[in-house]
Structures are given as C-alpha cells and as structure tokens.
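Here's the letter readout for the chains.
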Amino acid sequence: MFKKCVKYAIIGLVLIFMYVPILILAVYSFTDSPNIGAIHSFSFHNYVTLFTTPELIDMIIGSIALAIGSAVLATILGTTGAIGAFYSKKNVNGTMSVLNQIPVVNADVVTGFSLCILLVVVFGISKNTYIPGHTVLSAPFVYLAVVPKLKQMDPSLYEAALDLGATPGYTLIHIIIPQIASGIVSGFVMAVTLSLDDYFVATYTKPATFDTISTYVVNATKGSQTNIKTALWALSTIIFLIVVIVEVVMNFAPIKNEAQKEKH
C-alpha cells in the first residue's frame, strides 16, 4: 500500500510540474491581466489581438507553412532512410542507426551554427535556408518513429509479395507503407512540432525579415508591447489544445479500430 501511494505521488508531482504552468498560462489568456499575478476580469481580448494583428497573423502563417513544408521533406527522407537501413545488411543498419542518433542527441545550437557555416559560408547561399535547416533537424526523429513499426511488421510480407510477381516499387507502396503508416504519421506530427518549437536552427538560418513562432516569442518578451506579449499567451494555449487533440486522436483511433475488428 505504501509503495503504491509513493508511486502515485511521484506520478502526480511529475504531472503537476509538467502541466500546471501550461494551465496557468491558459487561464491568464482568458483575462485582461497584463502580467501573471492578480486576475482582474474575464476577457477574450488576447484572442482578438492574436487574430486581428497583421504582424501576428503573418508570423503564424509563415511558421505553419515552414513547419508543414519541412515536415513533408523530413518525413520523406526519414521514412526512406529507415526503410533502406532496415532492409540493408546488419552492419549498414547499425551504422545508420548510430549516425541517426547523433543529430538527435546533439544540441540544436550546434546543428544550427553548423548549417549556417555550411550553407552560407561554404556554399555562399543567402541566409534563407530555414527549410533545409528544419528538414535536417526533424528527419532523424521521423527515422526513429518509423523504425519500430518496421520491426513490428512481418518480415515475410516483402519477400512474399516479390515471389508473387510484385515489383519492389509496388511492394513498397502497397505493402510496406500501409504497415508502417502510423509511424509515418507520428514522425510527421513530431516534425511539425519540432519546427514550431525550434529556436536555434531558425535563428541561424532564417532571413532577418522572417520570424517563426519561437524567434518571435523570444523577441517579444524583450520588448515593451504588453498586448503582443499577452496575445502570445493565447497562441500558446491554442497550440497546446491542438497538440492534445492530435495526440488523443492518434492514440485512441487504433484502439477503436481494434475493437471494431474484434466485433466483426
């Protein structure tokens, strides 16, 4: 009984540290308070400011477009890399796994600065390489999301399809990809989140006239525009709610499908 109480107490503390700050921010996003402190009155002022300020709207649209574009490229690279490594020899597979883990463990500031030197200094490309930068940042995480699904897949499916006369391309599209689709979707969602969240890679690779959500938030917190700062509370709340909805759908949809299969 004591061990169970300790276990639930630890879980409760972890959840409190993780979610209470976000919930406080969400509560204050529905007030007219300029700072975290006393709550004056309920208001939608922050949400009105968020969706009526052209500067904020342009920043949000640009960040979403960057996140989706880089996530699509990262998903293609990460998925093809995972499939290629999985069906390669053991030594090649192990080497690819190690090489893929290095960017994951490596600090973002190192990745961003390295990309800046490579693309801007070495190749002489102007500083608008944020799409390649975010693609490089996200692709290893897509790889990690796809590999477990490949390991769960029946390894005989590919060979059986080839024995029945299917071409490698047909087998890839109609046999392998449907089997690992949930991993691909998870990798894509993770890539979008990483792009929206990243600060260092965006700072080193974006042009001066473009801001992502992360770089805009950092710059806004240093300024004196209170309305902009509080509007970003509303933006943070919306992003959190979207993430919660996506995660709930992704986790409960497979359970629902399994339940329907059992009924039939």
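Residues numbered from 1 in each chain as written. Predicted model: local features only at pLDDT ≥ 70, side-chain atom pairs only at ≥ 80, totals over all residues. Heavy atoms only, no water.

A. Main features of the layout of surface pockets. Approximately 1300 Å³ is the volume found for the largest pocket. As for the largest pocket, its lining consists of 42 residues, of which Thr193, Leu196, Ile239, Phe240 and Val243 are closest to the centre. At the level of secondary structure, the elements contributing two or more residues to the lining of the largest pocket comprise helix 1 (2-28), helix 3 (54-86), helix 9 (181-197), helix 11 (213-222) and helix 12 (226-263). Looking at the lining of the largest pocket, the element that brings in the most residues is helix 12, giving 17 residues. A breakdown of the residues in the lining of the largest pocket according to their chemical character gives 31 nonpolar, seven polar and four charged. (1 Å grid on protein atoms, 1.4 Å probe; cavity = no way out; pocket = protein on both sides within 12 Å on 5 of 7 lines; lining within 4 Å. Points joined across faces, edges and corners; volume = space filled by probe spheres on them. Helix = DSSP H or I, 4+ residues; strand = E, 2+ residues; numbered from the N terminus. Nonpolar A, V, L, I, M, F, W, Y, C, P; charged D, E, K, R; others polar.)

B. Spotlight on helix 2 (residues 45-52). The set of residues buried in helix 2 consists of Asn46, Tyr47, Thr49 and Leu50. Down the axis of helix 2, the buried set is contained in an arc of 160 degrees. They therefore lie on one face. Projecting away from the buried face of helix 2 at angles above 90 degrees are the exposed residues Phe51 and Thr52. (Buried < 20%, exposed > 50% of the residue type's maximum accessible area, 1.4 Å probe, protein only. Arc of directions from axis to C-beta.)

C. Representation of the environment of threonine 80 within the structure. Inspection of the secondary structure assignment puts threonine 80 in helix 3. Given a relative accessible area of 48%, threonine 80 falls into the partly exposed group. For the pair threonine 80 and valine 146, spaced 66 residues apart in sequence, the C-alpha to C-alpha distance is 9.5 Å. Reaching out from threonine 80, the side chain makes a polar contact with the backbone oxygen of isoleucine 76 at a distance of 2.7 Å. (Polar contact = N/O pair within 3.5 Å; in protein donor to acceptor, adjacent residues only side chain to side chain.)

D. Structural detail: the nonpolar core. Membership of the largest hydrophobic core comes to 18 residues, with the highest contact counts inside it found for Ala82, Val146, Leu150, Ile176 and Ile180. At the level of elements, helix 3, helix 6 (130-152) and helix 9 are the ones that each hand at least two residues to this core. In this structure isoleucine 180 touches Thr79, Ile83, Val146, Lys149 and Leu150, once residues within four positions along its chain are discounted. Core analysis: the second largest hydrophobic core is formed by 13 residues, Ile60, Ile213, Ala231 and Ala234 among them. (Core = buried A, V, L, I, M, F, W, Y, C linked by side-chain atoms within 4.5 Å. Contact = heavy atoms within 4.5 Å.)

E. Summary view of the side chain of serine 195. By the secondary structure assignment, serine 195 is in helix 9. Serine 195 gets classed as buried once you look at its relative accessible area, which sits at 2%. Apart from residues no more than four positions distant in its own chain, serine 195 is found in contact with Leu66, Ala67, Ser70 and His134.

F. Geometry of the packing of aromatic side chains. The full count for this structure, using the stated rule, is nine aromatic pairs. Ring geometry for tyrosine 28 against tryptophan 233: centres 6.3 Å apart, planes inclined by 85 degrees, an arrangement best described as edge-to-face. In this pair, tyrosine 28 sits in helix 1 while tryptophan 233 sits in helix 12, placing the two residues 205 residues apart along the sequence. Each member of the pair, tyrosine 28 together with tryptophan 233, is buried. (Phe/Tyr/Trp six-rings, centres within 6.5 Å; stacked < 30°, edge-to-face > 60°.)

G. Just the packing of helix 3 against helix 9, in detail. Contact geometry of helix 3 with helix 9 gives a least axis separation of 8 Å together with a crossing angle of 140 degrees. Comparing their axes, helix 9 and helix 3 come out oblique. Crossing hand, helix 3 versus helix 9: right-handed. Each of Ser63, Ile64, Leu66, Ala67, Ile68, Ser70, Ala71, Val72, Ala74, Thr75 and Thr79 in helix 3 lies in contact with helix 9, whose residues at this interface are Ile184, Phe188, Ala191, Val192, Ser195 and Leu196. Looking at side-chain class alone, the contact of helix 3 with helix 9 contains twelve nonpolar, five polar and no charged residues. (Axes fitted to C-alpha atoms, helices over the stretch in contact; angles between N-to-C directions. Parallel < 35°, antiparallel > 145°, perpendicular 65-115°, else oblique. Left-handed = near helix turned anticlockwise from the far one by under 90°.)

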